[in-house]
Structure formats: structure tokens, C-alpha cells
Amino acid sequence: MKTIIFFITVVLTALSAGIFFAWSVSVIPGTKKITDITYLETMQSINKEILNPVFFAVFFGSLVFLVISTITQFNHKPTFWLVLSAMLIYAVGTFGFTAFGNVPLNNELDALNLKELNLSELKSFRTYYERYWNGFHTIRTLAGLVSFLLLLISIFIKK
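Cut-off values and rules
- Residues numbered from 1 in each chain as written.
- Predicted model: local features only at pLDDT ≥ 70, side-chain atom pairs only at ≥ 80, totals over all residues.
- Heavy atoms only, no water.
- Phe/Tyr/Trp six-rings, centres within 6.5 Å; stacked < 30°, edge-to-face > 60°.
- Helix = DSSP H or I, 4+ residues; strand = E, 2+ residues; numbered from the N terminus.
- Buried < 20%, exposed > 50% of the residue type's maximum accessible area, 1.4 Å probe, protein only.
- Lys NZ or Arg CZ within 6 Å of the ring centre and 35° of its normal.
- 1 Å grid on protein atoms, 1.4 Å probe; cavity = no way out; pocket = protein on both sides within 12 Å on 5 of 7 lines; lining within 4 Å.
- Points joined across faces, edges and corners; volume = space filled by probe spheres on them.
- Nonpolar A, V, L, I, M, F, W, Y, C, P; charged D, E, K, R; others polar.
- Salt bridge = Lys/Arg side-chain N within 4 Å of Asp/Glu carboxyl O.
- Axes fitted to C-alpha atoms, helices over the stretch in contact; angles between N-to-C directions.
- Parallel < 35°, antiparallel > 145°, perpendicular 65-115°, else oblique.
- Left-handed = near helix turned anticlockwise from the far one by under 90°.
- Contact = heavy atoms within 4.5 Å.
- UniProt positions renumbered as here; feature names shortened; annotations may be inferred.

### A word on the packing of aromatic side chains
Within a pair of aromatic rings, the relevant descriptors are the distance that separates the centres and the angle that separates the planes.
Working step 1: Taken as a whole and assessed by the stated rule, the structure comprises 17 aromatic pairs.
Working step 2: On the numbers, 6.4 Å between centres and 50 degrees between planes, the contact of Phe 59 with Tyr 90 is tilted. Of this pair, Phe 59 sits in helix α3 (residues 53–72) while Tyr 90 sits in helix α4 (residues 77–111), placing them 31 residues apart in sequence.
Working step 3: You can call Phe 59 buried: its relative accessible area is 5%.
Working step 4: Of the aromatic side chains, those joined through ring pairs into one cluster are Phe 20, Phe 55, Phe 56, Phe 59, Phe 60, Tyr 90 and Phe 95.
Working step 5: Here the basic side chain of Lys 77 rests over the ring of Phe 74, its NZ or CZ set 3.6 Å away from the ring centre.
Working step 6: The ring of Phe 80 carries the charged tip of Lys 77 above its face, separated from the ring centre by 5.0 Å.

Here it is in C-alpha cells:
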């Protein structure tokens, strides 16, 4: 059972890191080339669509299974420390920055009626939103990748 739990942990963490990595290398560069109103409308739409069962299963499931794997590896010290590190980095860097960084920005954007803003207000909000959102996103992406790499390394550690 411990092996199955660990396998699920690795897969979910890889998927979570992959979602954020793919966003970084495709969506962010693409959105830099569109107008302010198009960018903000696109982000409003994406922020609504990402709230779906598949994303939640991967994003929250990674954290849940990292916690369970940390507990199940307690008596296997080298592996335990790597899995514990992966869990803490994911919890703070990926989950925490999303919950306390990206999500509040998404809520601010969602509260805006873009049709009521003039071009200057659209540009100003986009500059603010994009700067902080992409910064938080970079942190959560790196944290997810580091967590995944720590899990991979733990596979090869002699127990």
C-alpha cells in the first residue's frame, strides 16, 4: 500500500508541476502579445475554467498525498527527509503562493467589470495584475518542480 501511495504522490506532483511549467512556457509568452482588454478577459475566463474537478484533484491531491507519503516514510530516514522536504516546499511554495498570491489576484480581477474601465485603467490593472501574478506563478512553478525532483531522488535512495 505504501508503494501505491508513493506512486500516486509522484504522479500527482508531476502533473501539478507540469501544469504550471506548461503555463510558464506557453500561456505567459502568448499573453504578452495581446491587448490589455483581451488579456484581462482571457484571464477572467481561464480563472473560472480552472476551477474544475480534474485540476482540484491534481492540485489538492498532490498536497494530501505528499502528507500521507511523508507519514508513511517516517521510519525510512533518508527517504523521509526528502519526502518531507518535498511536502513542505509544495505546501508553502506551490499551494501557499497559489492560495495567498494568485487566488486573491484572480478574485480582484473577477470583481472588475472590464467594460466600465477606460484604456488607462485597463493598462494599469493589467500591469499590476500581470507583474504580481506571474511572480507568484514563477515561485509556485519552481516549488512544484523542486518537490517533484525531490520525490524522484528519493526513489533512488537506498532505504
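### Quick notes on the layout of surface pockets
Over the atoms, a rolling probe the size of a water molecule traces out where space has been left empty.
Working step 1: Each pocket or cavity is described by its volume, and for the largest pocket that value is around 460 Å³.
Working step 2: Contributing to the lining of the largest pocket are 26 residues, with Asn 47, Ile 50, Leu 51, Val 103 and Asn 106 lying nearest its centre.
Working step 3: Here the element with the most residues in the lining of the largest pocket is α4; it accounts for nine residues.
Working step 4: In terms of residue class, the lining of the largest pocket is built from 16 nonpolar, seven polar and three charged.

### Let's talk about the environment of Ser 26
Working step 1: Of note, Ser 26 is situated in helix α1 (residues 2–31).
Working step 2: Distance from Ser 26 to Thr 42, taken between C-alpha atoms, is 14 Å for residues 16 residues apart in sequence.

### Examining the pattern of salt bridges
Working step 1: Within the structure shown, the criterion is met by four salt bridges.
Working step 2: Here Asp 110 makes a salt bridge to Lys 48, at a shortest N to O gap of 2.9 Å. Separated by 62 residues along the polypeptide, Asp 110 in helix α4 and Lys 48 in helix α2 (residues 36–49) bring together distant segments of the chain.
Working step 3: Its relative accessible area of 43% is what places Asp 110 among the partly exposed residues.
Working step 4: Residue Lys 48 is classed as partly exposed on the basis of its relative accessible area of 46%.
Working step 5: Residues joined by salt bridges that share partners form a network here, namely Asp 36, Arg 126 and Glu 130.

### Focus: the packing of α2 against α4
Working step 1: It is the contact of α2 with α4, at a shortest axis distance of 10 Å, that shows an interaxial angle of 120 degrees. Judged by the angle between their axes, α2 and α4 are oblique. For the element pair α2 and α4, the recorded crossing hand is left-handed. Contacts between α2 and α4 pair Leu 40, Met 43, Gln 44, Asn 47 and Lys 48 from the former with Asn 106, Leu 109 and Asp 110 from the latter.

### A word on the UniProt feature "transmembrane region" (unreviewed entry) in the protein
Working step 1: Taken from the UniProt record, the annotation "transmembrane region" (unreviewed entry) applies to residues 50–68, 80–100 and 138–157.
Working step 2: Between the first and last C-alpha atoms of residues 80–100 the distance is 28 Å; the span itself is 100% helix and 0% strand.
Working step 3: Secondary structure across residues 138–157 divides into 90% helix and 0% strand, with the first and last C-alpha atoms of the span separated by 29 Å.

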